[in-house]
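# Per-entry structural report
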Amino acid sequence: MTFEQLAVRLAGGLAGPIDDDALREAVKSVLPETALGELDGIKALPGMVSAAADTLRKAWRAGIDLQARAGEHPRLGSVAILEAAVLQTLPTAMMRPADLVAAGRARLDHAATLFGPIESVGITELSPVWRPLLHAIAGRVPVRWVAGPRPVPDWLDGDLIEIVQTPPQTPEGSTVSAATAYHEAVEALRWARLLIASGMAEPADIAIAAVASADYDDHFLALHADANLDLHFVHGVKVTASREGQAAAALADILLRGLSQTRTRKLNTLLRAHPGPFQALPEGWTRILPADSTLSSSEAWVRLLDGLSTADWPEGTDHGPALRVIINLLGGGIEAAEEAGEKLLHGRALAIWRRALAAGAAASLDLTLETLRQDDGVEACVSVCWMPASALAASPRQFVRLLGLNSARWPRGIAEDRLLSDHIVPTAELDPLPVAAADRRDFETILATTGSAVVLSRARRDEEGRLLGRSALLLQVPSDETYLRRNAVPPHAFSETDRLTARPEEFRTFPQAAAASTCWRNWWRVELTPHDGVVRPDHPVLRAILDRTQSASSLRQLLRNPLGFVWHYGLRWRAPESGEDPLTLDALAMGDLVHRTLDEALQSLEADGGLVAADAERIAAAIESATSEVAELWEGERAVPPSVIWRRTLDEVRALGGWALAFRDELLPDARAYGEVPFGGAEPKSDAVAPWDAAAPVTIPGTGLRIRGYIDRLDIAADGHHALVRDYKTGRMPKDDIVLNHGRELQRCLYAFAVKSLLGDEVSISASLLYLREGRDLRLNDADATLVALTGYLQSACVNLATGGAVMGVDTADKYDALAFALPANADAAYCERKRDAASARLGTAIQVWEAQ
């Protein structure tokens, strides 16, 4: 037993120590309603529970009577008030160390009956509060202090207590330096594997230790899984390394940062296997969630659920009420943390949640969960152990590797208490066993108790590349330091991955390695290769994407970025989308918002006398109504910026929309206006009547390419002989007059052709780009001639792609290329420059469009 447990047993009755969880829970419960004087201003801050519990522990271990010294300083008075409130909240049987000592000394007559002879084994120090009780017990029963090779503390009374010392061990010592802390962890596992494989040691004989074990925990957690080696974390693993801990962290993420589709999907995935509300939902229920909606508020979820029918749900059963209950819990925010945890979590996940709420404020749940630990379930007696240096000092092993022997890291610096600074209570009194002295003592103890070998390891650089100094403790082990290179071939690999990396000749025979090596070499060649988009002619994927119905956007990509065209439409690659709400709308989203608002307003005006007859007041009213309606729908479907920026964005939409509908540079007599007009098989966006059969195919002559899309605005004269096609632009207007704008601008030409194709050749078509910010309307002077030129460019592009030329174009790797992440790093400045000439030669006449005005 520990000495604290010995004191509890001697105190008798139902006495027990104050455990950490009980202390934190008591501190948390009394802080809000207890007046603490100086500490009132900070008692509600995150971290106060932890700081207060640590201060009380230090004072109790040091044997400081806070109540007797409350008058010495206002801060001591505040801590004394807190202590009194905590003790009143705790069960009577839970006693401070000083109270246990007092109760134990009153029952010393029972020591011989309870214990008999006592031996203290593996202890190098004892907190001041326990020392009087140890000496008092030694006056009644024989006490042996088995120090072994460890140093004996000065306060120990050798007349009362028998001190047993043995000569220190003389292990073989060596010193190594690794590149980083991660490299230290890799080398430590290689060393352990070598000892086991060579038969020099059993796993139970091997220990790896550091004073700051948290700096290495993540490294060992990842590496030991790859190594298939039982590695016991003596101090436990983070709860967030388990599925249950991840579930608690996912719930905390939603409560702290708000609802979103991404966060809710993650929580659903983690809780599907556990009893609770999520398990009651049908398998695959997340298919009802729209892919382009963030669902970042409770209102957005309510609107989504209100719009669903029973047929939309898997299995044809409406689970809307059950999902509403979950959303209400998650939408309650951090104030509902306790209720949400109790109703959504189960088993170990719920236990972790309760521990986190007891350990700190709900507002810092995510940080608290990162600090909680749990047993890893690995048996220490048959495993290599990874532990803090203090644990190794108490339980020595034959083969030891110590990590992190850098200056300022081992030994660590002495820090003042967070509540009782040195000028209030001297640090030497409050913490008589400081961490720096303990680190030195543990180092000396480990050297003296290790039987066979000690390897002392340090990192040369930290995670940010800064140089690190050597610890002064290394001077106690005179040996030459071995410089371990990060890319050196190890004498024994710790895992299959490590072995293959160390044996490039063997690794080269693996298909993955051969493919990666070939790709890398091909990227560096000047000529085009299959890794640059060259494929066999008439490949079925290429034929399939050319046979699909195109849009203006897809044809632009075909002309300016054939490689991206194949990636997007053939391989269906998409850029990952962030689940976070944006600070502003990007250009594409802003354009979509304006287009939807204009369509809604135009339908309203056409239903009430028509746009031609509308005055400025009616247009403004229609825009205002449409903006409000579209904004409400947008908030339920898409990510929105913070409220201030969102309101400013909507004001901008109103201004742009009002100007667009009021623009009257060309009046068609008694014209009917249409918005978002579908053609070529595009699905209508509303119930508005279209001027033609939207399902009728539209084929570009001479190319075989079918097109479809939506015309932003179409005005048709009453006589049916004149039509005006407008495409709204919310971006910047080009400096010069444009026709195809190097292949970027295809809408006017294609939409004018589509209108003539569907309405008839006798209709006179006028097509323009309406730049809303600049108030300019750019007309296409000769749509027929432009179509002829565009047809030639498209023919060349189709022939090139069909013959296997899916190579880079002028838009590849530019700042608007959504799939640039799939290219080599820094592609625009290196890869594209190297391949540009070869790609242009391969594309042939298809690149002429890049020079077209």
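Going by the structure above, here's the rest.
Before going into details, it helps to say that this report is about the structure given with it. Keep in mind that what you see is a predicted model, and the values were worked out from it rather than measured. What you see as residue numbers is a count from 1 along each chain, following the sequence as written. Residues qualify for local features only when their pLDDT is at least 70, as the model is predicted, and side-chain atom pairs are given and counted only at 80 or more; totals for whole chains, interfaces and linings, by contrast, use all residues. Note that the side-chain values use all heavy atoms of the structure and ignore hydrogens as well as water.

## Focus: the overall build of the chain
To qualify as a helix, a DSSP run of H or I must reach at least 4 residues; to qualify as a strand, a run of E must reach at least 2; elements of each kind are numbered from the N terminus. If you tally the helices and strands in the chain, you get 32 helices and 21 strands. Note on method: radius of gyration uses C-alpha positions; expected globular size equals 2.2 Å times residues raised to 0.38. Its C-alpha atoms give the chain a radius of gyration of 37 Å, more than 25% over the compact-globule value 29 Å for 853 residues. Principal-axis analysis of the C-alpha atoms gives the chain an extent of 120 × 65 × 55 Å. Taken over 853 residues, the chain has a buried fraction of 49%. In this analysis, two residues are considered to be in contact whenever any of their non-hydrogen atoms come within 4.5 Å of each other. In the chain, 74% of the contacts between residues at least 6 apart in sequence involve partners at least 24 apart. Looking at charge distribution, the chain has the averaged site of its 86 positive side-chain charges lying 4 Å from that of its 114 negative ones. Each residue gets one of three labels from its accessible area relative to the maximum for its type: buried under 20%, exposed over 50%, partly exposed in between, using a 1.4 Å probe on protein chains only. None of His or the chain ends enter the tally, which takes Lys and Arg as positive and Asp and Glu as negative. The atom standing in for a charge is NZ when the residue is Lys, CZ when it is Arg, CG when it is Asp and CD when it is Glu.

## Structural notes on the sheet that holds strand β4 (residues 143-148)
Should DSSP find at least two bridges between two strands, the strands are taken to pair. Overall, parallel pairing links the three strands, which are arranged β3-β4-β5 in an open sheet. A single partner strand is all that each edge strand has here, and the edge strands are β3 (118-121) and β5 (162-165). Here the strands of the sheet are splayed against their neighbours by 20° on average, with no regard to which way each runs. As paired elements, β3 and β4 share four bridges and run parallel to each other. Residue pairing in the sheet places E119 in a bridge with R144 of β4. Here, axes are lines fitted to C-alpha atoms. For helices the fit covers the stretch in contact, and angles between N-to-C directions go from 0 to 180 degrees.

## Regarding the pattern of salt bridges
Oppositely charged side chains can pair when the atoms bearing their charge come close. Any carboxyl oxygen of Asp or Glu that lies within 4 Å of a side-chain nitrogen of Lys or Arg is treated as forming a salt bridge with it. For the structure shown, the criterion picks out 49 salt bridges. Linking R272 and E283 is a salt bridge whose minimum nitrogen-to-oxygen distance equals 3.1 Å. Of this pair, R272 sits in the loop between α11 (261-271) and α12 (277-280) while E283 sits in the loop between α12 and α13 (298-306), and the two are 11 residues apart along the sequence. With a relative accessible area of 62%, E283 lands in the exposed category. Ionic pairing is found between K729 and D727, a salt bridge with its closest N-O pair at 3.3 Å. Comparing K729 with D727, the two get one shared label, buried. Through salt bridges with shared partners, one network takes in D253, R257, R263 and D366.

## Some points on the packing of aromatic side chains
The criterion for an aromatic pair is that two Phe, Tyr or Trp rings (for Trp, the six-membered ring) have centres within 6.5 Å, with stacked assigned to planes under 30 degrees apart, edge-to-face to planes over 60 apart and tilted to the rest. The full count for this structure, using the stated rule, is 12 aromatic pairs. Considering the side-chain rings of F3 and W130, the 5.9 Å spacing of their centres and the 65° angle between planes classify their relative orientation as edge-to-face. In this pair, F3 sits in helix α1 (residues 3-11) while W130 sits in the loop between β3 and α7 (131-138), placing the two residues 127 residues apart along the sequence. Assigned by exposure class, F3 and W130 land together as buried. For the pair F507 and F510, a centre-to-centre distance of 6.4 Å together with 40° between the ring planes defines the contact as tilted. Taken together through their ring pairs, the aromatic side chains of Y216, F220 and W386 make up a single cluster. Here the basic side chain of R460 rests over the ring of Y483, its NZ or CZ set 3.7 Å away from the ring centre. A ring is considered to have a charge above it if a Lys NZ or an Arg CZ atom is located within 6 Å of its centre and within 35 degrees of its normal. Taking NZ or CZ as reference, K685 lies 4.4 Å from the ring centre of Y710, over its face.

## A closer look at unusual backbone geometry
With glycine set apart, most residues show a phi of negative sign, and most peptide bonds adopt trans. The step from W410 to P411 runs through a cis peptide bond, and the omega angle for that step is 5°. Residue placement: P411 occurs in the loop between β12 (399-402) and α19 (427-430). Despite not being glycine, H742 shows a phi value in the positive range, around 60°. Judged by relative accessible area, which is 27%, H742 ranks as partly exposed.

## Remarks on the side chain of T427
Secondary-structure assignment places T427 in helix α19. For T427, a relative accessible area of 16% gives the class buried. When neighbours within four sequence positions are excluded, T427 is seen to be in contact with I414, E416, D422 and P432.

## Considerations on the packing of helix α2 (residues 20-30) against helix α4 (residues 74-89)
Two elements in contact, α2 and α4, have axes whose closest approach is 9 Å; the angle formed by their N-to-C orientations is 115°. One element, α2, and the other, α4, form an angle in the roughly perpendicular class. In the crossing of α2 with α4, the sense of the turn from one axis to the other is right-handed. Seen from α2, the contacting residues are L23, A26, V27, S29 and V30; seen from α4, they are L82, A85, V86 and T89. Each residue receives one of three labels: charged for Asp, Glu, Lys and Arg, nonpolar for Ala, Val, Leu, Ile, Met, Phe, Trp, Tyr, Cys and Pro, and polar for the others, Gly being one of them. Grouping the amino acids of the contact of α2 with α4 by side-chain chemistry returns seven nonpolar, two polar and no charged. Every angle not falling under 35 degrees, over 145, or within 65 to 115 is termed oblique; those three ranges are roughly parallel, roughly antiparallel and roughly perpendicular. Crossings are sorted by hand: turned counterclockwise from the far helix by less than a right angle, the near helix makes the crossing left-handed, and turned clockwise it makes it right-handed.

## Considering a negative patch on the surface
Like charges within 9 Å and nonpolar side chains (Val, Leu, Ile, Met, Phe, Trp, Tyr) within 5 Å are joined into patches, using only residues over 30% in relative accessible area that form no salt bridge. Each accessible area is a Shrake-Rupley result for a 1.4 Å probe, and residues are judged covered by the shown protein chains and nothing else. Together, D19, D21, E25 and E338 line one region of the surface with negative charge. Mapped onto the elements, D21 comes out in helix α2.

## Some thoughts on the nonpolar core
Only buried residues count toward a nonpolar core. Its members are Ala, Val, Leu, Ile, Met, Phe, Trp, Tyr and Cys residues joined through side-chain atoms within 4.5 Å. Judged by nonpolar contacts, the single largest core of 61 residues is most densely connected at L555, I711, L714, L750 and L801. Excluding residues that lie within four positions of it along the chain, L555 makes contacts with Q550, I700, L705, I707, L746, L750 and L794. With 43 residues, the next largest nonpolar core counts V239, L281, L295 and A359 among its residues.

## Quick notes on the environment of P701
With respect to the helices and strands, the residue P701 is situated in the loop between β16 (698-699) and β17 (706-707). Accessibility expressed as a relative area gives 44% for P701, which makes it partly exposed. The sequence separation of P701 and T791 amounts to 90 residues, and the corresponding C-alpha distance is 7.5 Å. What P701 contacts, discounting residues up to four positions off in sequence, is F753 and T791.

## Side note on a nonpolar patch on the surface
A grouping of L583, V644 and I645 is seen on the molecular surface, where their side chains present a nonpolar patch of about 290 Å² in accessible area. With respect to the helices and strands, L583 occurs in the loop between α26 (562-570) and α27 (587-606). Owing to a relative accessible area of 61%, L583 belongs among the exposed residues under this scheme.

## Observations regarding the environment of V640
Within the secondary structure, V640 is located in the loop between α28 (616-637) and α29 (643-662). Counting along the chain gives 346 residues from V640 to T294, while the straight-line C-alpha distance between them is 8.7 Å.

## A few points about the sheet that holds strand β14 (residues 481-483)
Pairing within the open sheet is parallel, and its seven strands lie in the order β8-β11-β7-β12-β13-β6-β14. The outermost strands of the open sheet, each flanked by one partner alone, are β8 (231-233) and β14. In this sheet, neighbouring strand axes are inclined to one another by 25° on average, regardless of whether the strands run parallel or antiparallel. Examined bridge by bridge, β8 and strand β11 (residues 384-388) share three bridges and lie parallel to one another.

## Looking at α11
Of all the residues in α11, the buried ones are Q261, R263, T264, L267, N268, L270 and L271. Contact partners of the buried residues in α11: α10 (243-257), α12, α13, α14 (320-330) and α15 (337-344).

Structural measurements only, silent on function.
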